[in-house]
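Here are the chains, one letter per residue:
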Amino acid sequence: MSYEMITVEIESGVGTVTLNRPQVMNALNVQLTSELGDALDALDRDAQVRCIVLTGGDKVFAAGADIKEMKDQAFIDMYYSDFPYVKRDCWRAIDEARTPIIAAVAGFALGGGCEMAMACDFIIAADTAKFGQPEISIGTMPGAGGTQRLTKAVGKAKAMEMCLTGRMMDAEEAERSGLVARIVSAEELKAQAFKTASKIASNSRPVVMMVKEAVNMAVDADLSDGLKFERRTFESTFAFEDCKEGMDAFAEKRKPVFKHK
Ligand code: CO8
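Here the structure is a predicted model, which means the values were calculated and not measured.

Draft legend 1. Examining the nonpolar core more closely. By size, the foremost hydrophobic cluster in this structure holds 46 residues, and its most contacted members are Met 116, Phe 131 and Leu 179. Among all residues touching Met 116, those that are not within four sequence positions of it are Leu 19, Leu 28, Leu 36, Leu 54, Phe 61, Cys 90, Trp 91 and Ile 94.

Draft legend 2. Broad picture of the pattern of salt bridges. Taken as a whole, this structure holds 15 salt bridges when the rule is applied. With a shortest N-O distance of 3.2 Å, Asp 95 and Arg 149 are connected by a salt bridge. Of this pair, Asp 95 sits in helix H4 (residues 90-96) while Arg 149 sits in helix H6 (residues 146-154), and the two are 54 residues apart along the sequence. The partly exposed category is assigned to Asp 95, whose relative accessible area is 37%. For Arg 149, a relative accessible area of 30% puts it in the partly exposed group. The salt bridge partner of Lys 158 is Glu 173, with a shortest N-O separation of 2.6 Å.

Draft legend 3. Just the sheet that holds strand S3 (residues 51-55), in detail. Strand order in the open sheet formed by 6 strands is S1-S2-S3-S5-S7-S10, and the pairing between neighbours is mixed. Both edges of this open sheet fall to strand S1 (6-11) and strand S10 (182-184), since each of them pairs with a single strand only. Strand-to-strand twist across the sheet, computed as the mean angle between neighbouring axes with direction ignored, equals 20 degrees. Direction of pairing for S1 relative to strand S2 (residues 14-19): antiparallel, over a ladder of 6 bridges. In the sheet register, Glu 9 faces S2, and the bridge partner there is Thr 16. Where helix H1 (residues 30-45) meets the sheet, its contacts fall on S1, S2, S3 and strand S5 (101-105), and the angle it forms with S1 comes to roughly 15 degrees. Here helix H9 (residues 189-202) sits on the sheet and contacts S1, S2, S3, S5, strand S7 (122-126) and S10; the angle it forms with S7, its principal contact strand, is near 155 degrees.

About the thresholds
Residues numbered from 1 in each chain as written. Predicted model: local features only at pLDDT ≥ 70, side-chain atom pairs only at ≥ 80, totals over all residues. Heavy atoms only, no water. Core = buried A, V, L, I, M, F, W, Y, C linked by side-chain atoms within 4.5 Å. Buried < 20%, exposed > 50% of the residue type's maximum accessible area, 1.4 Å probe, protein only. Contact = heavy atoms within 4.5 Å. Salt bridge = Lys/Arg side-chain N within 4 Å of Asp/Glu carboxyl O. Helix = DSSP H or I, 4+ residues; strand = E, 2+ residues; numbered from the N terminus. Pairing = 2+ DSSP bridges. Axes fitted to C-alpha atoms, helices over the stretch in contact; angles between N-to-C directions.

Next up, the structure:
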């Protein structure tokens, strides 16, 4: 499939999607979000792709919803389209992907851009990254998870302050607050994200999927349901050939050769 507003590459089990609308700071218009939805769905269906990296440009990951496209919408248009969950868009694709998605963020991740990074499984930030929910300053509010995921990630005080004032958080504060997994230099961002994705892609694909589901249970379920889900998925890994191979390889002091089944 060919895209105009994103690029897609697949290498060594890693699919890399790059937001590519630099003239407007990767503003998320309907075309970009639907191309991204299609691309992520296709990568998630591709058994050769075992981890996905979602990234943007050097100066900006994404500056949020395309304000100029959105500004003349009436409530009834937004409500009927279920904006931003418009048709088969990227938001559902990110939420439903079973393949891990790493957000590699340099520069601004604002509004829908911050929400998009947070919807991924974890964020690796360049030292230039800046996260924020500035919607309040244009008379609206976060609509793709900003009030919910930011609060779960950094706690009520910081999330409330950021959403009420539009204050941005730099990479160091984001790491300290638990919003990002780690910080790397801007020059190293794409290489480091690819290296991390390759490490994930080298593991057993079905086990990776189960771990992703189990960690997500910790976000959504109470502890006893989460622990039970973890036990059942842990026990289930013993049905995989890769589980036997991994343990045999350890006992035989060699590297495992996973078949992803
Ligand atoms: N929408 C449309 N165009 C934009 C956007 C945007 N979000 N951000 C930047 N642009 C355009 C500018 O209008 C400008 O275009 P032009 O050259 O034609 O004037 C071009 O990109 C370059 O931008 P700047 O000149 O402003 O560049 P600076 O380096 O001075 O500033 C900033 C960069 C700080 C990123 C600044 O552009 C900015 O503040 N942008 C808006 C950020 C914002 O308010 N985001 C929130 C948007 S609302 C939202 O995301 C709601 C979420 C709902 C769900 C998600 C749906 C997808």
